Every structure is written in C-alpha cells, then in structure tokens.
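Next come the chains, spelled out residue by residue.
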Amino acid sequence: MDTDRNPTSAEIQQNKRALRARCREIVKGLSSEYIEEASRRIAERVTASPAYKTAGTIFCYMSMAGEPITDAIIDKALAEGKRVGIPLCIGPHEMVVKEYKLGDELTRGAFGIREPLPEAKEITTDEFDLAIVPCVACAEDGRRIGHGAGYYDRFLRAAGFIKLAICFEKLLADNIPLEDTDIYMDGVATEDAIYGTRWRG
C-alpha cells in the first residue's frame, strides 16, 4: 500500500465528518461560564486588533448555541459607527449579506440562527474590509472546517477582505483535512491569542 499518496476527496469528507463529530462532543462539555468568558475575551482581542480598528465595513456571523458569542463585537462596531453586515440564508447552501443596524428586527432562520429581514439592504463582498466567520474547528495556521452546509463557500472565496475565524481554544486542532477548494483564514482568534501566518492585524 502506498502510504504517501494524497487522500481522496471521499476520504477527506469522511475525515471532516469524524472531526465535526468529535468537536460536537467537546462543545457538549463546555460550560455556559466558559463560553461566556471565552467569548468576552475573544471579542476584546478582535476589537483591539488593527484590522478591526481600520475596518469601515465588517461582516460578522450571528452566533448560535455552542459558538463564540458575537453580540459584543457587533454592538461595539455599531457603536463606533462601523457598517455591519450579517448573513441571510436564501436557499440550500446559499446566503447573502444584509446590513444590520442597532434595533433592526431579526427573525429565526435556518438552524434557528438570528437573521435580518429579506428587505434589509444587501452588502456585496467587495464592500467588506474584515469578515468574522464561524467554524467548527480551526488550526493555528488558518485552516478552517465549517459545519458542512456550504453557506460560506462562495463568500469566503471573495478576495479583498481579511478573513478572521473565531474559535474556542478547546476546538483548535492540527489535523484539519482540507480540499483544494477550501479557503484558509488570514487569522484565527481565540480567547488566548490571534493566530495565523496570513494575519495582517
């Protein structure tokens, strides 16, 4: 058997599923106190970074249970006069980004995630300076694995903005399998540090 061969796409997908399953088990064991404190520290690191400070328009995901909470990042950005875009799922594996302003009405969309109303103003990818994206797990070198639904694939392929994943330290991994189409993050922010050789912050 050739142990030096590259894994096939099917093998990579199988490894991704296994890693997601392991991460789900880790998340189940995280206390609410850990999630809240780690999220607070992540938000402080992100909003203290030069990439955030110089950004005029920011994309930020709306957190769901078990993910780093993004509300503080969004609230601070809005309070500082930055333009903020949040995702709206419009079909299987497809999303658009809508402008969010303080006090705007939100609904519960796919997977129970808070979403803007469809009539909110759209922000295109070329308008963003910084994107703060979710992950299931990340590696310090910027490798990211998502939930597998594919909503972020097209968005993350766009050039021109800094891509920053946020991740709990407990979900950092060094064995993340990637395909050629997967996108590296410029940085990975955890409660302890911002990692990534591509980080320009």
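Structural notes, computed from the coordinates.

The rules behind each value
- Residues numbered from 1 in each chain as written.
- Predicted model: local features only at pLDDT ≥ 70, side-chain atom pairs only at ≥ 80, totals over all residues.
- Heavy atoms only, no water.
- Pairing = 2+ DSSP bridges.
- Helix = DSSP H or I, 4+ residues; strand = E, 2+ residues; numbered from the N terminus.
- Contact = heavy atoms within 4.5 Å.
- Axes fitted to C-alpha atoms, helices over the stretch in contact; angles between N-to-C directions.
- Disulfide = S-S within 2.5 Å.
- Buried < 20%, exposed > 50% of the residue type's maximum accessible area, 1.4 Å probe, protein only.
- Polar contact = N/O pair within 3.5 Å; in protein donor to acceptor, adjacent residues only side chain to side chain.

### Looking at the sheet that holds strand β2 (residues 83–91)
Read from one edge of the open sheet, seven strands run β3-β2-β1-β6-β9-β10-β11, paired in mixed fashion. Each edge of the open sheet carries a strand with a single partner, namely β3 (94–100) and β11 (194–195). In terms of strand pairing, strand β1 (residues 57–60) meets strand β6 (residues 130–133) through three bridges, oriented parallel. Its bridge partner being in β6, I58 is matched across the sheet by L130. Against the sheet, helix α2 (residues 32–48) makes contact with β6, β9 (162–166), β10 (187–189) and β11, and its axis sits at roughly 165 degrees relative to β9, the strand it touches most. In the packing of helix α4 (residues 71–79) onto the sheet, contacts are made with β1, β2, β3, β6 and β9, and the angle to β2 comes to roughly 130 degrees.

### Quick notes on the state of the cysteines
Enumeration according to the criterion identifies zero disulfides in this entry. This cysteine, C135, is not joined by any disulfide, and C138 carries the nearest cysteine sulfur, 3.7 Å off.

### Describing the side chain of K16
The topology assignment puts K16 in helix α1 (residues 9–28). Take K16: its relative accessible area is 6%, and that puts it in the buried class. Within polar-contact distance, the side chain of K16 engages the side chain of D182 at 2.8 Å.

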